[in-house]
Amino acid sequence: MSARWSQWRAFPDPRAGGVLVAPIGPGVYELRRGDQLVLVGISSRCVHRMCSLLPPPWGSGTRNNAGKRKYVWRHLAEIEYRTFACATREEAARVEREMLRGTRRYLFAT
């Protein structure tokens, strides 16, 4: 599974013109802040879903958990991300389940 993960990248600051490098289609994303794993997520449109981690007017889409947006925005300069492109949303869901079943501990478990 690790061979398909991207490199860790700094989460871009949209105020400075930063752009996310992520799958346009299905995929998994993982965020960390230093040694703390922050969250893992999936989407059929990965880059769009990742943009929803930012508050308006910089982000897009919606989030049921405003705490995630606030945390990412507050620590944006320290947040890194990596992505895993998948052929289908079902494959992305399988990868996410494997990660959540493992020994990883995320700040935001859902």
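Residues numbered from 1 in each chain as written. Predicted model: local features only at pLDDT ≥ 70, side-chain atom pairs only at ≥ 80, totals over all residues. Heavy atoms only, no water.

A. Highlighting the pattern of salt bridges. Tallying each qualifying case throughout the model produces seven salt bridges. Of the charged contacts, one joins Arg15 and Asp13 as a salt bridge, the two residues approaching to 2.8 Å between their closest N and O atoms. With a relative accessible area of 25%, Asp13 lands in the partly exposed category. Salt bridges here are not isolated pairs; linked through shared partners, they connect Arg4, Glu91, Arg94 and Glu98. (Salt bridge = Lys/Arg side-chain N within 4 Å of Asp/Glu carboxyl O. Buried < 20%, exposed > 50% of the residue type's maximum accessible area, 1.4 Å probe, protein only.)

B. Highlighting the environment of Thr103. Its place among the elements puts Thr103 in the segment after α3 (89-101). Sequence separation of Thr103 and His75 is 28 residues, and the distance between their C-alpha atoms is 24 Å. (Helix = DSSP H or I, 4+ residues; strand = E, 2+ residues; numbered from the N terminus.)

C. Spatial organisation of the packing of aromatic side chains. One pass over the structure, following the stated rule, counts four aromatic pairs. Taken together, a centroid distance of 5.6 Å and an interplanar angle of 70 degrees make the contact between Phe11 and Tyr81 edge-to-face. With Phe11 in the loop between β1 (9-10) and β2 (27-33) and Tyr81 in strand β4 (residues 79-85), this pair connects stretches of sequence that are 70 residues apart. Relative accessible area serves as the criterion here: at 1%, Tyr81 is assigned to the buried category. Each ring, one from Tyr71 and one from Phe108, has its centre 5.8 Å from the other, and the planes form 70 degrees; the classification is edge-to-face. With Tyr71 in helix α2 (residues 66-74) and Phe108 in the segment after α3, the pair connects residues that are 37 residues apart, well separated along the chain. As far as the burial class goes, Tyr71 and Phe108 line up, both buried. In this structure, Arg32 is placed above the aromatic ring of Trp8, and the distance from its NZ or CZ to the ring centre is 3.9 Å. The ring centre of Trp5 lies 4.1 Å from the NZ or CZ of Arg82, which sits over that ring. (Phe/Tyr/Trp six-rings, centres within 6.5 Å; stacked < 30°, edge-to-face > 60°. Lys NZ or Arg CZ within 6 Å of the ring centre and 35° of its normal.)

D. Spatial organisation of the side chain of Ser43. Within the secondary structure layout, Ser43 lies in strand β3 (residues 36-43). We classify Ser43 as buried; its relative accessible area is 12%. At a separation of 2.9 Å, a polar atom in the side chain of Ser43 contacts the main-chain amide nitrogen of Arg45. With sequence-adjacent residues up to four places away left out, Ser43 is seen in contact with Gly25, Pro26, Gly27 and Arg49. (Polar contact = N/O pair within 3.5 Å; in protein donor to acceptor, adjacent residues only side chain to side chain. Contact = heavy atoms within 4.5 Å.)

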